[in-house]
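Working through the structure, step by step
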Amino acid sequence: MSMTRPASFSIASSGRRCLTMSKLIRPLFLRDRLGSAAQVFGVAGSSRRGKAWDSNKIIPPPAKYGGRHTVTMIPGDGIGPELLRHVQEVFRYSCVPVDFEVVHVNSAMTEEDDIDNAITAIRRNRVALKGNIETSHTMPPSHKSRNNLLRTSLDLYANVIHCQSLPGVQTRHRDIDIMIIRENTEGEYSSLEHESVPGVVESLKIITKSNSLRIADYAFRLAREKGRKRVTAVHKANIMKLGDGLFLQCCKEVASGYPDIVFDSMIVDNTTMQLVSKPQQFDVMVMPNLYGNVVSNVCAGLVGGPGLVPGANLGRDYAVFETATRNTGKSIANKNTANPTAMLLASCMMLDHLQLHDYAALIRSAILRTMNETRMHTADIGGQGTTSEVVQSIMRLMQGASLRSAAAF
């Protein structure tokens, strides 16, 4: 491929041709065009208060022969399949050295064969990108959430979300920069329920010392790595004195080993009020499973909605990337109106995890410029653009960045 070829590339041919040579992939314009915008989503890339994200020392799988990585892709339900097709389109266009092994999970099946196949594929590839799998409350009590089965089977104990104000997105609050660390394997999501006598149901919330210490240590290590100053533990220990009391005590124990980081705690109901009143007071937040679900959704709403925020589920051996809020978007599926930003940013987080930082930077910067400069917005953030129009705008900006890099090279 010659260096002059990219000038003739068209968006329509993106599936068949690479954007540019791999040695030109690092966009030189990142240093002068984007400035602070390139630092958005510190968990996914570079933080304004820390280093590039490395999954907190979780070792990514090495590239295979030819420098390519194989990643499990689970399309899921609702808008998941169409958004992941756009991820594949963007990856093909920019010649990202990633091959997807697509595994479909049928959420309507009572058997667990599909999710078992998906878990096996993730164990084989060690990294996955997924859409949300619907969990219907009308399914029988024996039916377990496929999302929950995946997280517990692979011991993906840390759900990490970075909610940050984005350039070009109008919201009530500005300057939000919160990292949410959610324990991902126990608590109210332990799936231990039974009917003691007719009309009386017991649902067990499991809190263990080992898992509480593990998630607290993860939060403090990540805070130190990112140059953060404060960690807040969210709890309800005033009522659940044993369960949440144990979680809070574990956080205090871990905090004593990090004298450079301020530690405080807050009751969960007050936390939600404080978030919608003055979210800027929060820095890093660590919490049990259910509280993490609630707080993550509140924070996503504060910065513009579920279509903007990516998330990561991390364990010792595996990493699964998805949108931060785990809703399927079923009502807007196949209407070409879904916001692709969160899923594309999740794919950038995945690329950073695979140490493909140049590709992640190229795609992420084009996403942020699309929001801030071209103002190509979908309806959820006040625009009139379609999903495909946003993706096309992103790819055009990627092409422009490549041409500028080629000229400078």
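Our structure is the block above this text.
Below is a summary of the structure that appears in this document. Remember, predicted model here, so these are calculated numbers, not experimental data.

The rules behind each value
- Along each chain, residues carry numbers from 1 onward, in the same order as the chain's sequence is written.
- Whole-chain, interface and lining totals are the exception, using all residues; otherwise, since this is a predicted model, local features are given only for residues with pLDDT of at least 70 and side-chain atom pairs are given and counted only at 80 or more.
- Computation of side-chain values: all heavy atoms of the structure, hydrogens and water removed.
- Helix and strand definitions here come from DSSP, where helices need a minimum of 4 consecutive H or I residues and strands a minimum of 2 consecutive E residues; each element is numbered from the N-terminal end.
- Relative accessible area decides the class of each residue, using a 1.4 Å probe on protein chains only: under 20% of the type maximum gives buried, over 50% gives exposed, and in between gives partly exposed.
- Contacts are assigned to residue pairs that have any heavy atoms within 4.5 Å of one another.
- Per-residue and other accessible areas were derived by the Shrake-Rupley procedure at a 1.4 Å probe size, with only the shown protein chains allowed to occlude residues.
- Note on geometry: axes are lines fitted to C-alpha atoms, helical ones only across the stretch in contact, with angles between N-to-C directions running from 0 to 180 degrees.
- Working definition: roughly parallel below 35 degrees, roughly antiparallel above 145 degrees, roughly perpendicular at 65 to 115 degrees, and oblique for all remaining angles.
- Each residue gets one label: Ala, Val, Leu, Ile, Met, Phe, Trp, Tyr, Cys and Pro are nonpolar, Asp, Glu, Lys and Arg are charged, and the others, such as Gly, are polar.
- A pair of strands is treated as paired once DSSP finds two or more bridges between them.
- Any Lys or Arg side-chain nitrogen located within 4 Å of an Asp or Glu carboxyl oxygen qualifies as a salt bridge.
- Throughout this description, the term nonpolar core refers to a set of buried Ala, Val, Leu, Ile, Met, Phe, Trp, Tyr and Cys residues connected via side-chain atoms within 4.5 Å.
- By this rule the span expected of a helix is its residue count minus one, scaled by 1.5 Å.
- Think of it as the arc spanned by the lines of direction from the helix axis to the C-beta atoms.
- Here the term patch refers to residues with relative accessible area over 30% and no salt bridge, with like charges joined within 9 Å and nonpolar side chains (Val, Leu, Ile, Met, Phe, Trp, Tyr) within 5 Å.
- Residues scored as positive are Lys and Arg, those scored as negative are Asp and Glu, and His as well as the terminal groups of each chain are ignored.
- A charged residue contributes its charge at one atom only: NZ of Lys, CZ of Arg, CG of Asp or CD of Glu.
- Note on handedness: a crossover is taken as right-handed if, strands pointing away from the viewer, the path from the first strand over the helix to the second is clockwise.
- Aromatic pairing here means that ring centres of Phe, Tyr or Trp (its six-membered ring) are within 6.5 Å. Orientation follows from the plane angle: under 30 degrees is stacked, over 60 is edge-to-face, and everything else is tilted.

Regarding the overall build of the protein chain
Regarding its fold elements, the protein chain presents 10 helices and 12 strands. Out of the 409 residues in the protein chain, the part that is buried amounts to 56%. When contacts within the protein chain are restricted to residue pairs at least 6 apart in sequence, long-range pairs at least 24 apart make up 77% of them. As displayed, the protein chain offers around 17200 Å² of accessible surface, 52% of which is attributable to carbon and sulfur atoms.

A short note on the packing of helix α6 (residues 268–277) against helix α7 (residues 289–302)
Across the interface, α6 lies against α7 with an axial gap of 10 Å and an inter-helix angle of 10°. On the basis of their axis angle, the class for α6 and α7 is roughly parallel. Contacts between α6 and α7 pair Val268, Thr271, Thr272, Leu275 and Val276 from the former with Tyr291, Val294, Val295, Val298, Cys299 and Leu302 from the latter. Its residues assigned to classes, the contact of α6 with α7 shows 9 nonpolar, 2 polar and no charged.

Quick word on the sheet that holds strand β4 (residues 158–164)
The strand order across the open sheet formed by 10 strands is β2-β1-β3-β12-β11-β4-β5-β10-β8-β9, and the pairing between neighbours is mixed. Where the open sheet ends on each side, the last strands, each with one partner, are β2 (98–102) and β9 (262–267). If you compare each strand with its neighbour and ignore which way they point, the axes differ by 25° on average. Sheet topology places β4 next to strand β11 (residues 310–314); 4 bridges connect them, and they run antiparallel. Within the sheet, the bridge partner assigned to asparagine 159 lies in β11 and is asparagine 313. Running over the sheet, α6 touches β5 (177–183), β8 (230–235), β9 and β10 (284–287) and is turned about 105° from β9.

Here's the deal with the pattern of salt bridges
Per the counting criterion, the structure on display carries 16 salt bridges. Where aspartate 99 meets arginine 68, a salt bridge forms, and the shortest distance between an N and an O atom there is 2.9 Å. With aspartate 99 in strand β2 and arginine 68 in the segment before β1 (69–74), the pair connects residues that are 31 residues apart, well separated along the chain. Put simply, aspartate 283 and arginine 228 hold a salt bridge, and the shortest N to O gap is 2.7 Å. Placement of aspartate 283 in the loop between α6 and β10 and of arginine 228 in the loop between α4 (209–225) and β8 is noted, with a sequence separation of 55 residues between them. Note on aspartate 283: relative accessible area 6%, which makes it buried. In this structure, a network of salt bridges that share partners links the residues Asp177, Arg228 and Asp283.

Digging into the pairing of β4
By the criterion of burial, β4 is predominantly enclosed, with 7 of the 7 residues buried. Neither face of β4 is open: one carries Ala158, Val160, His162 and Gln164, the other Asn159, Ile161 and Cys163, and all of them are buried. The pairing of β4 with β5 spans 7 bridges and is antiparallel. For asparagine 159, the partnering residue across the bridge sits in β5 and is arginine 182.

Quick notes on the nonpolar core
The nonpolar side chains of a soluble globular protein tend to be buried, and buried together. Within the largest apolar cluster, 94 residues are counted, with the highest numbers of intra-cluster contacts made by Leu129, Ile181, Val286, Phe321, Met350, Leu351 and Ile363. Counting 16 residues, the second-largest nonpolar core is a separate cluster that includes Ile74, Val105, Ala128 and Ile133.

Some details on α7
Given 3.6 residues per helical turn, the α-helix brings residues three or four places apart onto the same face. Over its 14 residues, α7 runs 20 Å from end to end, which matches the ideal 20 Å to within 8%, given 1.5 Å per residue. Of all the positions in α7, only Asn289, Tyr291, Gly292, Val295, Ser296, Cys299, Ala300 and Leu302 are classed as buried. Viewed end-on, α7 has its buried residues packed into an arc of 155°, placing them on one side of the element. In the core, the buried residues of α7 are packed alongside β4, β5, β8, α5 (243–255), α6 and β10. Positioned one or two residues after α7, glycine 304 has a phi angle of 135°, which is positive.

Points about a negative patch on the surface
A surface patch of like charges, here negative, comprises Glu111, Glu112, Asp113 and Asp116. Its place among the elements puts glutamate 112 in the loop between β2 and α2 (113–125). Using a relative accessible area of 30% as the deciding quantity, one classes glutamate 112 as partly exposed.

Section: the pairing of β8
Among the 6 residues in β8, 5 count as buried, and that is most of the element. For the crossover that starts at β8, traverses α5 and ends in the parallel β9, the hand is right-handed. Bridge count between β8 and β10: 3 bridges; the pairing is parallel. What sits directly across from alanine 233, in β10, is valine 286.

Describing the packing of aromatic side chains
The final tally for this structure, using the stated rule, is 4 aromatic pairs. Ring geometry for phenylalanine 220 against phenylalanine 263: centres 6.0 Å apart, planes inclined by 45°, an arrangement best described as tilted. Here phenylalanine 220 is found in helix α4, whereas its partner phenylalanine 263 is found in strand β9, with 43 residues between them in sequence. By relative accessible area, phenylalanine 263 is classed as partly exposed at 23%. One aromatic cluster is present, built from ring pairs that chain together Phe220, Tyr258 and Phe263.

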